[in-house]
Amino acid sequence: MVHREKAHVLPLDSIRGIAATSVVIHHLLLMPTFLAAFPHNAWINCSFFRSAWLLVDLFFVLSGIVMSLSYVEGDFGRFSLREFMVRRLARVYPLHIVMLMANLLFRLLRISLVMTGVVVAAPAAFEVNNAYSFVLNVLLLHSMGFIDYLSWNAPSWSISVEFYTYLVFGLIILLAQRMRSLLWFYVLCGLLAVGSLVFIIFALDKRSLGLQTDFGILRCFVSFFLGVLTVRIVDRLPAKPGPAVQGVVQFVAMIASIVLVSVAETNPAATFLAPVTFAIFLGSLLAFPDAMLVPRMLVAKPLVWLGRRSYSIYMVHALVVLLAEYFVRALGAGRIAALDSVWAGLPATLNLVVSLAAVLAVSHFTYLYVEIPGGRLMRNALGSRSDFSASPAASARPTN
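An unreviewed UniProt entry annotates the protein as Acyltransferase of Bradyrhizobium forestalis.

S.K.: Honestly, the overall build of the protein in this entry has me stumped. Any pointers?
M.R.: If you tally the helices and strands in the protein, you get 16 helices and zero strands. By the burial criterion, 51% of the 400 residues in the protein qualify as buried. Surface accessibility of the protein: about 18,100 Å² in total, with carbon and sulfur atoms responsible for 70%.

S.K.: Explain the packing of helix α4 (residues 55–71) against helix α7 (residues 157–178) to me, please; I cannot follow it from the model alone.
M.R.: Each pair of packed helices can be described by the angle between their axes along with the distance between the axes. Two elements in contact, α4 and α7, have axes separated by 12 Å at closest approach and are oriented at 30°. Looking at the two axes, α4 sits roughly parallel to α7. Here the hand of the crossing between α4 and α7 comes out right-handed. Along its contact with α4, which presents Val56, Phe60, Ser63, Met67, Ser68 and Tyr71, the element α7 presents Trp157, Ser158, Val161, Glu162, Tyr166, Phe169 and Ile173. Looking at the contact of α4 with α7 residue by residue, the classes come out as nine nonpolar, three polar and one charged.

S.K.: What is the right way to read the nonpolar core from this model?
M.R.: Nonpolar side chains tend toward joint burial in soluble globular proteins. Counting 106 residues, the largest nonpolar core has Leu55, Phe84, Phe169, Phe185, Phe225 and Leu282 as its most contacted members. Broken down by element, this core gets its largest block of residues, 12 residues, from helix α9 (residues 216–235). Setting aside residues no more than four positions away along its own chain, Phe84 makes contact with Met67, Tyr71, Phe79, Tyr166, Phe169 and Gly170.

S.K.: Would you explain unusual backbone geometry in this entry?
M.R.: Among all residues except glycine, the phi angle is most often negative; among peptide bonds, the trans geometry is most common. At Leu140, a position not held by glycine, the phi torsion is positive, near 60°. Of note, Leu140 is situated in the loop between α6 (131–138) and α7. In the Ramachandran plot, Asp205 falls in the positive-phi region, its phi being about 55° despite a non-glycine side chain. Along the chain, Asp205 turns up in the loop between α8 (182–203) and α9.

S.K.: Just to check I follow, could you spell out the packing of aromatic side chains for this structure?
M.R.: Two measures describe an aromatic ring pair: the distance that separates the ring centres and the angle between the ring planes. Scanning the entire structure with this criterion turns up 21 aromatic pairs. Consider the rings of Phe84 and Tyr166, whose centres lie 6.2 Å apart with planes at 85°: the pair is edge-to-face. Of this pair, Phe84 sits in helix α5 (residues 81–115) while Tyr166 sits in helix α7; the two residues are 82 residues apart in sequence, bridging distant segments of the chain. Comparing Phe84 with Tyr166 shows no difference in burial state: the two are buried. Ring centres 5.0 Å apart and planes at 45° place the aromatic pair Phe365 and Tyr369 in the tilted group. Taken together, the residues span about one helical turn, with Phe365 and Tyr369 both in helix α16 (residues 346–381) at a distance of four residues. Taken together, the ring pairs in this structure connect Tyr71, Phe79, Phe84, Tyr166, Phe169, Phe185, Tyr186, Phe221, Phe224 and Phe225 into an aromatic cluster. Sitting over the face of the ring of Tyr166, Arg88 holds its NZ or CZ atom 5.6 Å from the ring centroid. Across the ring face of Tyr326, the terminal group of Arg329 is positioned such that the distance to the ring centre comes to 5.2 Å.

S.K.: Is there a simple way to explain α6 in this structure?
M.R.: Two residues of an α-helix separated by three or four positions point the same way, owing to the 3.6 residues in each turn. Burial in α6 covers these residues: Ser133, Phe134, Leu136 and Asn137. Looking straight down α6, one finds its buried side chains confined to an arc of 160°; they lie on one side. Two to three positions downstream of the cap, the backbone nitrogen of Tyr132 sits 3.3 Å from a side-chain oxygen, assigning the N-cap of α6 to Asn130.

S.K.: What is the right way to look at the pattern of salt bridges in this model?
M.R.: Should the charged atoms of two oppositely charged side chains come close, the side chains can pair. Inspection of every chain in the model, using the stated rule, returns eight salt bridges. Across the pair Arg207 and Asp205 runs a salt bridge whose closest N-O atoms are separated by 2.6 Å. By relative accessible area, which is 59% here, Arg207 ends up exposed. Among the ionic pairs, Asp235 bridges to Arg236, the shortest N-O distance being 2.7 Å.

S.K.: Honestly, the side chain of Asp340 in this entry has me stumped. Any pointers?
M.R.: Inspection of the secondary structure puts Asp340 in helix α15 (residues 333–342). Although Asp340 is buried, it forms no salt bridge, and the closest oppositely charged side chain is Arg335 at an N-O distance of 15 Å.

Calculation notes
Residues numbered from 1 in each chain as written. Predicted model: local features only at pLDDT ≥ 70, side-chain atom pairs only at ≥ 80, totals over all residues. Heavy atoms only, no water. Helix = DSSP H or I, 4+ residues; strand = E, 2+ residues; numbered from the N terminus. Buried < 20%, exposed > 50% of the residue type's maximum accessible area, 1.4 Å probe, protein only. Areas by Shrake-Rupley, 256 points an atom, 1.4 Å probe, with all protein chains shown as cover. Axes fitted to C-alpha atoms, helices over the stretch in contact; angles between N-to-C directions. Parallel < 35°, antiparallel > 145°, perpendicular 65-115°, else oblique. Left-handed = near helix turned anticlockwise from the far one by under 90°. Contact = heavy atoms within 4.5 Å. Nonpolar A, V, L, I, M, F, W, Y, C, P; charged D, E, K, R; others polar. Core = buried A, V, L, I, M, F, W, Y, C linked by side-chain atoms within 4.5 Å. Phe/Tyr/Trp six-rings, centres within 6.5 Å; stacked < 30°, edge-to-face > 60°. Lys NZ or Arg CZ within 6 Å of the ring centre and 35° of its normal. Arc of directions from axis to C-beta. Polar contact = N/O pair within 3.5 Å; in protein donor to acceptor, adjacent residues only side chain to side chain. Salt bridge = Lys/Arg side-chain N within 4 Å of Asp/Glu carboxyl O. Lys, Arg positive; Asp, Glu negative; His and termini not counted.

Next comes the structure, spelled out in structure tokens:
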């Protein structure tokens, strides 16, 4: 049985790129080093970007949608867990390991410069970035409860929880195949999404959805499996309304998503609504690809370019921001104050623009020379095939 990856839905790709870029801006605005160094904030400092950490949940919802499109709707009954996990590992691991090694080299260089007196810093040795956390990062276990802090390439915490969410997703498909029921697959996904959210709110007593190393995988479960359900809901929608109505629905859903992220800063509990809000917006893009306004904006070439490099943008930005922090320290308070006196917020804005440009340049390189060839190399090394070996339930006709 031949597995065919589904064609990209360009608006969804573009949304991923916009979200990744927004996360970068979020960190450039709120890094303590920058807040301390710059007399005034960057000109685009606003509540949306200050709360853009919440867009990680949009990534999770989108991932659930893509996985469902590729591995459930068209390939239920001929799913190979081994093939699926090889493909997922090949997708995320090459860039993850390259950035982990880049962070290691940077930390070793820092220690060398401190020990030789070139750089003054305390402590000179590794703090949270130690050998134990390094091994956990190699195994993608660094956000699975073995440590309670972010380490090395901090944004990769979400890659850790999402990888093991893939495994759970694959096991649910196998179980549903054994039961010969596609309906049970969606029931189990729904139970995981709802159950995880209930556990976060009532058992863990969390005040927002901002979990990372502390049960971050439950946060991923909520959004990812809601994304899986979104595909099913879209597939069962009645007759489509006219293009104008479709456009209004998408635009309202987009504005609702923006507003929700913007109010998260002052209303943390609102973040629990984010997975549903994002699912409605992304589902509307999936359901109405020919609507009048939003899809046409999202297929603009610069946004498509961002979308294709979104994983690299997300994974490389922490190291670039770290280098920018060292540059700002070296620049000194006097030069920064002089520049800020020319126009309030100018140094912070220049730092944001230059750092963001550097992130995009580096991500373009890693996309071309790490993501694509690295994924191909890993698939070949692990024996990935173009066809799936049929599971025991491959001949079963799933019930709806």
